[in-house]
Amino acid sequence: MCGRYATTANPARLAAELDAIDETGDPPDLDRANYNVAPTNQVLTVVERHDHDHPEDDPALRIRRMRWGLIPVWTKASEPGVPAKGKPLFNARADRAASAPSFRDATKKRRCLVPMDGWYEWLVEPAPTGKGKAVKQPFYMSNADGSRLYMAGLWSTWRDRSVEGMAPILSCTILTTDAVGDLTRIHDRMPLVMPREHWDAWLDPDHPAPEELLETPGPERVSGIVARPVAPLVNSVRNNGPELLAPAPGAPAPEGEQAGQISLI
């Protein structure tokens, strides 16, 4: 699963890198680095859409902010303009999304990418003494070369039709799959990494995505990703800064593994 991640992406710079249109409305120089992104936060996404006024034109990449936690289009309003609270849909299983009522519409027509520097996962181990609560050690997963990761996501547009002129609420979810390679030592799930060569097919607004893009990838997809134990500061969403990424001194490697076999740094 993926319930926390870190990103230093600036929408203006991201738009320049990807030759995309920045639709966030953020000032170009605004630093929105977030080292402890949590569900319900507003997050950056990459979508490909036609121009509303010129639908015949080729679709273009667009940078948009969305609420992390998908709101299905059929969600009822709890009060005018406010969607009713439901299960926090910040993750969706890639192998079930196409048939799940909450995600199947988005899987057909609204797929996106969620850029991040890396994500956090917790390794659960028995208490050192064999008694008491299990120990949850946070790990941070990122590309060894420091390059940005792009995760497959789905998005939705929700509006209360009874509220005239209401601006739509955009929301998204991150797809997850079975963990592969050394990442299985940390957790049995991982976000679905979408490599650049598959972006055109994944983001295409006019055609369904090839089914194979929703399948569990091979270990080579994550071969450049390294995991390192970090301090438990990330456990609280109140903590937010680059210190969350610092390696935790003396933190244990996964049980049965020697440091280095899981690409720990």
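Here, the structure is the one placed above.
Below or above, wherever it landed, is the structure these notes cover. (Residues numbered from 1 in each chain as written. Predicted model: local features only at pLDDT ≥ 70, side-chain atom pairs only at ≥ 80, totals over all residues. Heavy atoms only, no water.)

**Observations concerning the sheet that holds strand 1 (residues 5-7)**
With antiparallel pairing, the five strands of this open sheet are ordered in space as 3-1-10-11-15. Every interior strand has two partners, whereas the edge strands, strand 3 (34-37) and strand 15 (225-229), have only one. Here the strands of the sheet are splayed against their neighbours by 30° on average, with no regard to which way each runs. As defined by bridge partners, strand 1 adjoins strand 3 across two bridges and the pair is classed as antiparallel. Following the sheet pairing, Y5 is matched in strand 3 by V37. (Pairing = 2+ DSSP bridges. Helix = DSSP H or I, 4+ residues; strand = E, 2+ residues; numbered from the N terminus. Axes fitted to C-alpha atoms, helices over the stretch in contact; angles between N-to-C directions.)

**Quick word on the pattern of salt bridges**
When the charged atoms of two side chains with opposite charge come close together, those side chains can pair. Using the criterion set out here, one finds nine salt bridges in the structure. R64 is the partner of E23 in a salt bridge, and the nearest nitrogen-oxygen pair spans 2.7 Å. A residue pair is termed long-range when its members are at least 10 positions apart, and E23 in the loop between strand 2 (21-22) and strand 3 and R64 in strand 5 (residues 60-68) qualify at 41 residues. A salt bridge links R110 to D105; the nearest nitrogen and oxygen atoms lie 3.1 Å apart. Taking the relative accessible area as the measure of exposure, R110 reaches 19% and is therefore buried. Among the ionic contacts, a cluster of salt bridges with common partners joins E23, R62 and R64. (Salt bridge = Lys/Arg side-chain N within 4 Å of Asp/Glu carboxyl O. Buried < 20%, exposed > 50% of the residue type's maximum accessible area, 1.4 Å probe, protein only.)

**With respect to the packing of aromatic side chains**
Evaluation of the coordinates by the stated rule reveals four aromatic pairs. Ring centres of Y150 and W199 lie 4.6 Å apart, and the angle between their planes is 65°; on these two criteria the pair is classed as edge-to-face. On the criterion of sequence distance, the pair formed by Y150 in strand 12 (residues 149-158) and W199 in helix 3 (residues 199-203) is long-range, its members being 49 residues apart. Accessibility assignment for this pair places Y150 and W199 in one class, buried. Among the aromatic residues, those joined into a cluster by ring pairs are Y5, W68 and F90. The ring of W155 carries the charged tip of R110 above its face, separated from the ring centre by 5.7 Å. Cation over ring: R111 sits above W202, and NZ or CZ is 5.6 Å from the ring centre. (Phe/Tyr/Trp six-rings, centres within 6.5 Å; stacked < 30°, edge-to-face > 60°. Lys NZ or Arg CZ within 6 Å of the ring centre and 35° of its normal.)

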